[in-house]
Amino acid sequence: MSKIQKKELLYEGKAKRIFLTDMEDKLIQEFKDDATAFDGAKKGVIVKKGEINNAISAFLFEYLENYHIPTHFLEEISANQMLVRKLNIIPVEVVLRNVAAGSLCARYKIQEGTVMEYPILEYYLKSDELHDPMINEYHAYAFGHATPDETKAINRIASKVNAILKSFFDRRNLVLVDFKLEFGKKGTEIYLADEISPDTCRIWDKKTHKKLDKDRFRHDMGGVEKAYAELRDRITNS
Ligand code: ADP
Ligand code: UDP
């Protein structure tokens, strides 16, 4: 356990709180049980979600570090808190898709569950006010959010994360349908930031296609807490 001191709240988001610490370059990321969907229009609580998302994110960040993916993760400091590197977050949500679901189905009229012949990588501008509009790399350059070299690094890391996690989940009889990543900068380095959890991924059982992610909350499917706990166990008991 680290002797790190928690200082003032830097930012409170929809699913997490970020605290300063006594170390200038480190933050505490605290996961909440609060859940939102449809741009914050739907609000609720998923009991134990904070602990589960902290455990899953910590496990997956550590796993990815073994494959030389640079992440902001430093250590787990309590059930629902992790110590992370303080970064300048690039306000772009990078979405990777292996199987059609969610907004892709609506936008392109594709049936949920259709397997993509090649993974899709999309950028969305991180803006609650604008409802996260889809953008491309040129918007990111033009708006000053990332340089061509930085998007090249981001795309390479995102594709590598997809390949690593796809086979990780496959070995646990799970399908990695899609997920969202965020990246941050520290000097010239790019790190994977935020979280990787059932709040930010779609994950299905390979055989039954049972959903083990936030879609259960989004669409009032029931068994949300049980699904999150099942996913944590299937990821971490390996
Ligand atoms: P939102 O802002 O969308 O409501 P969260 O509740 O998840 O999201 O809040 C966490 C915030 O912390 C996000 O805005 C995220 O970009 C930011 N963040 C994640 N990792 C880091 C980091 N390493 N350094 C600084 N900020 C971070
Ligand atoms: N996602 C996310 N945060 C967002 C939007 C999407 O974590 O603000 C994740 C979502 O959980 C899914 C993937 O990104 O795993 C693709 O989401 P999609 O574009 O289908 O949007 P949604 O259906 O969530 O509106």
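Structure first, text after, so check above.
Here's what I pulled together on the structure shown here. Just so it is clear, the model here is predicted, and its values are computed rather than measured.

## Brief notes about the site of ligand 2
The local shell around ligand 2 holds 16 residues, among which Arg97, Ser103, Asp178, Arg202 and Arg218 are the closest. At 2.6 Å from an oxygen atom of ligand 2 is found a side-chain nitrogen or oxygen belonging to Ser103. Separating an oxygen atom of ligand 2 from a backbone N or O atom of Thr200 is a distance of 3.4 Å. For ligand 2, whose accessible area on its own is 500 Å², the fraction buried by protein is 76%. Residue composition of the shell around ligand 2, by class: five nonpolar, three polar and eight charged.

## Thoughts on the nonpolar core
Core analysis: the biggest nonpolar cluster contains 49 residues, and Val94, Val161, Phe169, Leu181, Phe183, Leu192 and Ile196 have the highest contact counts within it. Per-element accounting of this core gives the leading share, eight residues, to helix α4 (residues 148-170). Not counting residues up to four positions away in its chain, the partners in contact with Val161 are Leu64, Ile69, Phe179, Leu181 and Leu192.

## Quick word on the environment of Glu75
Checked against the element boundaries, Glu75 lands in strand β6 (residues 73-78). On the basis of relative accessible area, Glu75 is assigned to the partly exposed category, the value being 27%. For Glu75 and Met134, which are 59 residues apart along the polypeptide, the C-alpha to C-alpha distance reads 33 Å.

## Let's talk about the side chain of Lys180
Within the secondary structure layout, Lys180 lies in strand β12 (residues 174-186). Polar side-chain contacts of Lys180 include one of 3.2 Å to the side chain of Asp194. Beyond its immediate sequence surroundings of up to four residues, Lys180 is in contact with Glu93, Val94, Val95, Asp194, Glu195 and Thr200.

## With respect to the site of ligand 1
Taken together, 17 residues are adjacent to ligand 1, and Tyr11, Lys14, Ala15, Lys16 and Glu182 come closest. With respect to ligand 1, the side chain of Tyr11 contributes an N or O atom lying 2.5 Å from an oxygen atom. The protein chains hide 89% of the 560 Å² of surface that ligand 1 would expose on its own. Elements represented by at least two residues in the shell around ligand 1 include exactly β2 (16-21), β3 (26-31) and β7 (81-85). For the shell around ligand 1, the residue count by class is eight nonpolar, three polar and six charged.

## Focus on helix α1 (residues 49-66)
Spanning 18 residues, α1 covers 26 Å between terminal C-alpha atoms, matching the ideal 26 Å at 1.5 Å per step. Buried within α1 are the following residues: Lys49, Gly50, Ile52, Asn53, Asn54, Ile56, Ser57, Ala58, Leu60, Phe61, Tyr63 and Leu64.

## Structural notes on the sheet that holds β7
Across the sheet, which stays open at both edges, the five strands sit in the order β1-β2-β3-β7-β6 with antiparallel pairing between neighbours. Only two strands of the sheet have a single neighbouring strand rather than two, namely β1 (6-12) and β6. Mean inter-strand twist for the sheet, computed between neighbouring axes without regard to direction, equals 30°. Bridging between β3 and β7 involves five bridges; their strand directions are antiparallel. What sits directly across from Lys26, in β7, is Arg85. Strands in contact with α1 are β3, β6 and β7; relative to β6, the strand with the most contacts, it is inclined by about 150°.

Rules of the game
- Residues numbered from 1 in each chain as written.
- Chains lettered and ligands numbered in written order.
- Predicted model: local features only at pLDDT ≥ 70, side-chain atom pairs only at ≥ 80, totals over all residues.
- Heavy atoms only, no water.
- Near = heavy atom within 4 Å.
- Polar contact = N/O pair within 3.5 Å; in protein donor to acceptor, adjacent residues only side chain to side chain.
- Areas by Shrake-Rupley, 256 points an atom, 1.4 Å probe, with all protein chains shown as cover.
- Nonpolar A, V, L, I, M, F, W, Y, C, P; charged D, E, K, R; others polar.
- Core = buried A, V, L, I, M, F, W, Y, C linked by side-chain atoms within 4.5 Å.
- Buried < 20%, exposed > 50% of the residue type's maximum accessible area, 1.4 Å probe, protein only.
- Helix = DSSP H or I, 4+ residues; strand = E, 2+ residues; numbered from the N terminus.
- Contact = heavy atoms within 4.5 Å.
- Expected span 1.5 Å × (residues − 1).
- Pairing = 2+ DSSP bridges.
- Axes fitted to C-alpha atoms, helices over the stretch in contact; angles between N-to-C directions.

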